[in-house]
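Examining the three-dimensional arrangement
Here are the chains, one letter per residue:
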Amino acid sequence: MLGLMMDTPLTLTVIMRHGDRNHARREIVSVTHDHALHRYTFADCFARTRRLANALDRLGAGADARIATLAWNDFRHLELYYAVSCSGRVCHTVNPRLFEEQIVYILNHAEAEWVFVDPAFVPRLESLAAQCPAVKGYVVLSDEAHMPQTTLPNARCYETLVAAAPDTYAWPELDEKRASGLCYTSGTTGNPKGVLYNHRSAVLMAYAGALPDTCGVSAMDAILPIVPMFHVNAWGMPFSAVLTGAKLVFPGPTLSDPKRLADLITSEGVTISAGVPTVCLPLLAHARDNGRSLAPLNRMVIGGSACPLSMMEEFRDRHQVRVVHAWGMTEMSPLGTVNALTPETAPLTGAALADQMCSQGRAIPGVELKITDDDNRELPWDGKASGALKVRGYWVCRDYYRLDGTGGAHDADGWFATGDVASIDPNGFMRITDRAKDVIKSGGEWISSIDLENTAMGHPSVAEAAVIGVNHPKWQERPLLVVVRKQGVEVSATELLHYFEGKVAKWWIPEDVAFVDELPHTATGKLSKLELRKRFAAYRFPGT
Ligand code: ADP
């Protein structure tokens, strides 16, 4: 027997209408290249979104065209999110920090029709436009006064297009399974792979992302997404904010400027922010060096790579900010687990609390987890057994875009292999040991590079640390610690290695330390172990 409830499809259009009607006066504040601080309301935003949808029709964009964006986090990018997806098209966010050949590959693979581009990235696109002949034209995210001179073919001005279009639009009734967004993984191995979101997955992610034990978003919040809108939809924040009526504060091109971020937090009353650990380091350092408070910030969502304990403690002890440690991936829209308090963990103190904080947390409702051994047998949730982490759920990808089953990451029974190695404790708290490809195997046993990095980051002289496995004649591989020291601080390799004693198993202690001026990062701001391994390819441990 079927139920007798309405079949209202789960579409972003419903979320947009809700935000427009119910949170019309909520503010969206943006830094952009042409505005020191642009400020308008949800109502203004969605009126312009309707104009933009008309403009897309007038440009002749196809019914399910992929509309690419190379843009910072700001109000125009938000308008694109909704106008493109709610008119039935696919908002295809491209990471402008990728290598040129990757951008070319992505635009061609997705068959992007139109590209909306921030002036900052116009020169990049000019040099590769000839290699993307299928692109019909480029829209520069600017007003006429700030339009750059450009050789881009068929270049238009965003503000002119929007101003010329009417502000009423008959949004189509969309199937909830219709594609809404497209985001490519960064392609650390091989070509980037496209993850094609649909309205249903985006809506369910928006609801789940706003839950109290996920990011806990409400109409009383102001959110500053430092995580770029080209990195898995800024982790769903632009959708959760419109759903709940939270104010949005966008840093635009200043997302790597810690002073500007701290200014925005205090002046705009930001309560929630989100970003990868690498963007938090300079923010904390800025606050520390200048004796600044980050009030009224009270939650910082950190994910994308393991959040060091020292970072969580500094946020908590110096700023009364709770770090929401989250794990996920592009293929998961991206949220998979979040470390939130439970009655079992709330009473913990001291070392037990510190240890608990390093867990990546529990599955968000809508996502199921399991860990398996090499023969795909499920392993127990005992906090000890560690194996391949697999997931399935409402917002997990079923396949990659136009790879037609060759992505190879799905089991016959539909579970998606994340490529991470993890353990899960009896309360469901999951802990990432490593990415499968970063695992260090020493004498047949695994050593967690994440745990070692976390420990090294606790040393007061360490600004950033990475651990990679290096060949060893006796042990097959041993860990090498690569460290960036804090400015003006001296610390020896011996001192650093001593620091590990008593904190990790003796045989885990790195074999040696290499000091560098900076560590390589990926286009999404994570440590690039691949690049680091290349740099240390010729390295040999002393005496080997
Ligand atoms: P890519 O880094 O390839 O662009 P994603 O941004 O989707 O792709 O990264 C997903 C991966 O990032 C996960 O599989 C995991 O290895 C890592 N990751 C994400 N969050 C965390 C976390 N909190 N702790 C440890 N690793 C994490």
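Above this text is the structure in question.
Notes on the structure follow.

Each value, and the rule that gives it
- Residues numbered from 1 in each chain as written.
- Predicted model: local features only at pLDDT ≥ 70, side-chain atom pairs only at ≥ 80, totals over all residues.
- Heavy atoms only, no water.
- Helix = DSSP H or I, 4+ residues; strand = E, 2+ residues; numbered from the N terminus.
- Buried < 20%, exposed > 50% of the residue type's maximum accessible area, 1.4 Å probe, protein only.
- Contact = heavy atoms within 4.5 Å.
- Phe/Tyr/Trp six-rings, centres within 6.5 Å; stacked < 30°, edge-to-face > 60°.
- Lys NZ or Arg CZ within 6 Å of the ring centre and 35° of its normal.
- Polar contact = N/O pair within 3.5 Å; in protein donor to acceptor, adjacent residues only side chain to side chain.
- Axes fitted to C-alpha atoms, helices over the stretch in contact; angles between N-to-C directions.
- Parallel < 35°, antiparallel > 145°, perpendicular 65-115°, else oblique.
- Left-handed = near helix turned anticlockwise from the far one by under 90°.
- Nonpolar A, V, L, I, M, F, W, Y, C, P; charged D, E, K, R; others polar.
- Near = heavy atom within 4 Å.
- Areas by Shrake-Rupley, 256 points an atom, 1.4 Å probe, with all protein chains shown as cover.
- Pairing = 2+ DSSP bridges.

**Comments concerning the overall build of the chain**
The number of helices and strands found in the chain is 16 helices and 25 strands. Counting only C-alpha atoms, the chain reaches 70 × 65 × 45 Å along its principal axes. Put simply, the chain has 544 residues, and 58% of those count as buried. The long-range share in the chain, meaning contacts at least 24 apart out of those at least 6 apart in sequence, stands at 68%.

**A closer look at the side chain of D438**
Within the secondary structure layout, D438 lies in the loop between β20 (430-435) and β21 (440-442). Of the residues examined, D438 reaches a relative accessible area of 10% and is grouped as buried. Discounting chain neighbours no more than four positions away, the residues touching D438 are S449, K529 and R533.

**As for the packing of aromatic side chains**
If you walk through the whole model with that rule in mind, you get 12 aromatic pairs. On the numbers, 5.0 Å between centres and 50° between planes, the contact of W72 with F121 is tilted. Of the two residues, W72 is situated in the loop between β3 (66-70) and α3 (75-86) and F121 in the loop between β5 (114-117) and α5 (122-128); the sequence distance between them amounts to 49 residues. Looking at W72, the relative accessible area reads 12%, which means it is buried. Using a relative accessible area of 8% as the deciding quantity, one classes F121 as buried. Geometrically, the ring pair formed by W507 and W508 is edge-to-face, given 6.1 Å between the ring centres and 80° between the ring planes. Relative accessible area serves as the criterion here: at 15%, W508 is assigned to the buried category. In textbook terms, an aromatic cluster arises when at least three aromatic residues are bridged by ring pairs, as seen for F42, F46, Y81, Y82 and F239. One cation-aromatic arrangement involves K193 over Y400; the distance from NZ or CZ to the ring centre is 5.1 Å. A cation sits over an aromatic face here: K503 above Y499, 3.8 Å from the ring centre.

**Things to note about the environment of N154**
Looking at the element boundaries, N154 is found in the loop between β6 (137-140) and β7 (155-157). The sequence separation of N154 and S305 amounts to 151 residues, and the corresponding C-alpha distance is 40 Å. Among residues more than four places away in sequence, those in contact with N154 are W114, K136, G137 and Y138. Polar side-chain contacts of N154 include one of 3.0 Å to the backbone oxygen of K136.

**Examining the packing of helix α1 (residues 12-22) against α3**
For the pair α1 and α3, interaxial distance at closest approach is 9 Å and the crossing angle is 130°. Considered as vectors, α1 and α3 are oriented oblique to each other. Once α1 is placed against α3, the crossing between them reads as left-handed. Touching L12, T13, I15 and M16 of α1 are Y82, S85 and C86, all from α3. When the residues that make up the contact of α1 with α3 are grouped by side-chain class, the tally is five nonpolar, two polar and no charged.

**Some points on helix α14 (residues 449-457)**
The element α14 is extensively covered by neighbouring structure, given that eight of its nine residues are classed as buried. Inspection of α14 places S449, I450, L452, E453, N454, T455, A456 and M457 among the buried residues, and these make up the whole buried set.

**Some words on the environment of G236**
Residue placement: G236 occurs in the loop between α8 (232-235) and α9 (237-244). Separated by 28 residues in sequence, G236 and A208 place their C-alpha atoms 9.7 Å apart.

**Section: the site of the ligand**
Taken together, 15 residues form the shell around the ligand, and within it A326, T330, D420, R435 and K526 come nearest. Measuring from an oxygen atom of the ligand, one finds a side-chain N or O atom of H231 at 3.2 Å. Here a nitrogen atom of the ligand sits 3.0 Å away from a polar atom, N or O, in the main chain of G304. Protein chains bury 94% of the 570 Å² of accessible surface belonging to the ligand in isolation. The biggest single contributor to the shell around the ligand is strand β14 (residues 322-328), with four residues. Looking at the shell around the ligand residue by residue, the class counts come to four nonpolar, eight polar and three charged.

**Some words on the sheet that holds strand β12 (residues 272-275)**
Spatial strand order, β2-β1-β11-β10-β12-β13-β14-β15-β16: nine strands in an open sheet with mixed pairing. Strands with a single pairing partner mark the edges of an open sheet, and in this sheet they are β2 (35-41) and β16 (362-363). Alignment of strand β13 (residues 299-302) against β14, held across four bridges, turns out to be parallel. Among the inter-strand pairings, V301 is bridged to a residue of β14, identified as V324.

**Quick look at the side chain of N73**
In this fold, N73 is placed in the loop between β3 and α3. A distance of 2.9 Å separates the side chain of N73 from the backbone oxygen of P225, its partner in a polar contact. There is a polar contact of 2.9 Å between the side chain of N73 and the backbone oxygen of V227. When neighbours within four sequence positions are excluded, N73 is seen to be in contact with V31, P225, I226, V227, P228, M229, F250, P251 and G252.

**Looking at the pairing of β5**
Each regular strand carries side chains that alternate between the two faces of the sheet. Along β5, one buried face is formed by W114 and F116 and the opposite face, lined by V115 and V117, is buried too. Bridge analysis of β3 against β5 gives four bridges, and the strand direction is parallel. Across the sheet, the residue bridging to A68 is V115, located in β5. Relative to β6, β5 is paired through four bridges, and the arrangement is parallel. Bridging from a neighbouring strand, V117 pairs with V140 of β6.

**A word on the sheet that holds strand β19 (residues 416-424)**
Spatially, four strands are ordered β17-β18-β19-β20 in an open sheet, and the strand pairing comes out antiparallel. The open sheet has two free edges, formed respectively by β17 (367-372) and β20, since each of these has just one partner strand. Taking the axes of each pair of neighbouring strands and ignoring which way they run, one obtains an average angle of 45° across the sheet. Relative to β19, strand β18 (residues 387-393) runs antiparallel, the two sharing four bridges. If you follow A388 over to β19, its bridge partner there is V421.

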